[in-house]
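Fold and contact review
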Amino acid sequence: MDDDTRVRTRMSAYAIVAEGDRMLLARLSDASPVFAPGLWHLPGGGIDPGEQPVEALARELTEETGLELTGAALLDARTYVARRNGVRWSLTALFYAAAVEGGVPVRAEIHGSTETAAWVPLADLRRDDGVLSPPAADAVGMVERAREVLGAARRR
């Protein structure tokens, strides 16, 4: 590691939201601290000190998409290493199967890490095509399990 490379640790909460044949994603802007701008990423983000993960998930989801979190169940946790702007990131990502209300995504934050948000057809998402952030690529493989978990929660 270079002497001028800073190391930062981040804990983030991400929403896996799938409706029908599409998945809710956010395209990263130049302000993205961890992953490259232009990549499609999951709605969600950093957990502030003292904030509960589901609270962070709801806050970030609304900021990035304008949609309201109506249900969430923890699915998985994974770690990633990334380099951006002279920082080496050690990211722990919490993946939540999530349900939302509001329909059409709109970017609510102006100078944040999200350029736009959209429902993207699942058929257009391949884990190895280079347009997805590493967490979003992993989430594509979790969509069916996310649907099962949310379905089971609704039946209770």
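Preceding block: the structure.
Residues numbered from 1 in each chain as written. Predicted model: local features only at pLDDT ≥ 70, side-chain atom pairs only at ≥ 80, totals over all residues. Heavy atoms only, no water.

Once that is clear, we can look at the side chain of Thr65. Take Thr65: it is sitting in helix H1 (residues 53-65). A residue is classified by how much of its surface remains accessible, and Thr65, at 0% relative accessible area, is buried. Dropping the residues within four chain positions of it, Thr65 is found in contact with Leu24, Pro43, Val104, Pro105, Val106 and Ala117. (Helix = DSSP H or I, 4+ residues; strand = E, 2+ residues; numbered from the N terminus. Buried < 20%, exposed > 50% of the residue type's maximum accessible area, 1.4 Å probe, protein only. Contact = heavy atoms within 4.5 Å.)

The next point concerns the sheet that holds strand E1 (residues 6-16). Spatially, E5-E1-E7-E6 is the arrangement adopted by the four strands of the open sheet, whose pairing is mixed. Only two strands of the sheet have a single partner each, and these edge strands are strand E5 (44-46) and strand E6 (68-84). Taking each pair of neighbouring strands and ignoring which way they run, the sheet shows an average axis angle of 20 degrees. The sheet contact formed by E1 and E5 spans three bridges and is antiparallel. Following the sheet pairing, Tyr14 is matched in E5 by Gly44. Strand contacts of H1: E1, E5, E6 and strand E7 (87-101), with the helix running at about 85 degrees to E6, the strand carrying the most contacts. Together, E1, E6 and E7 form the strand contacts of helix H3 (residues 143-155), whose direction differs from that of E7 by roughly 45 degrees. (Pairing = 2+ DSSP bridges. Axes fitted to C-alpha atoms, helices over the stretch in contact; angles between N-to-C directions.)

We now examine unusual backbone geometry. The backbone of Asn85 sits at a positive phi, close to 55 degrees, despite the residue not being glycine. For Asn85, the position within the fold is in the loop between E6 and E7. Since its relative accessible area comes to 61%, Asn85 is described here as exposed.

For H1, with 13 residues, the first-to-last C-alpha span of 18 Å sits near the 18 Å given by 1.5 Å per residue. Here H1 has its buried residues at Ala56, Leu57, Glu60, Leu61, Glu64 and Thr65. Summarising the axial view, the buried residues of H1 lie within an arc of 130 degrees, below the 170-degree limit, and thus occupy one face. Check the buried side of H1 and you find it contacts E1, strand E3 (22-28), E5, E6, E7 and strand E8 (114-121). (Expected span 1.5 Å × (residues − 1). Arc of directions from axis to C-beta.)

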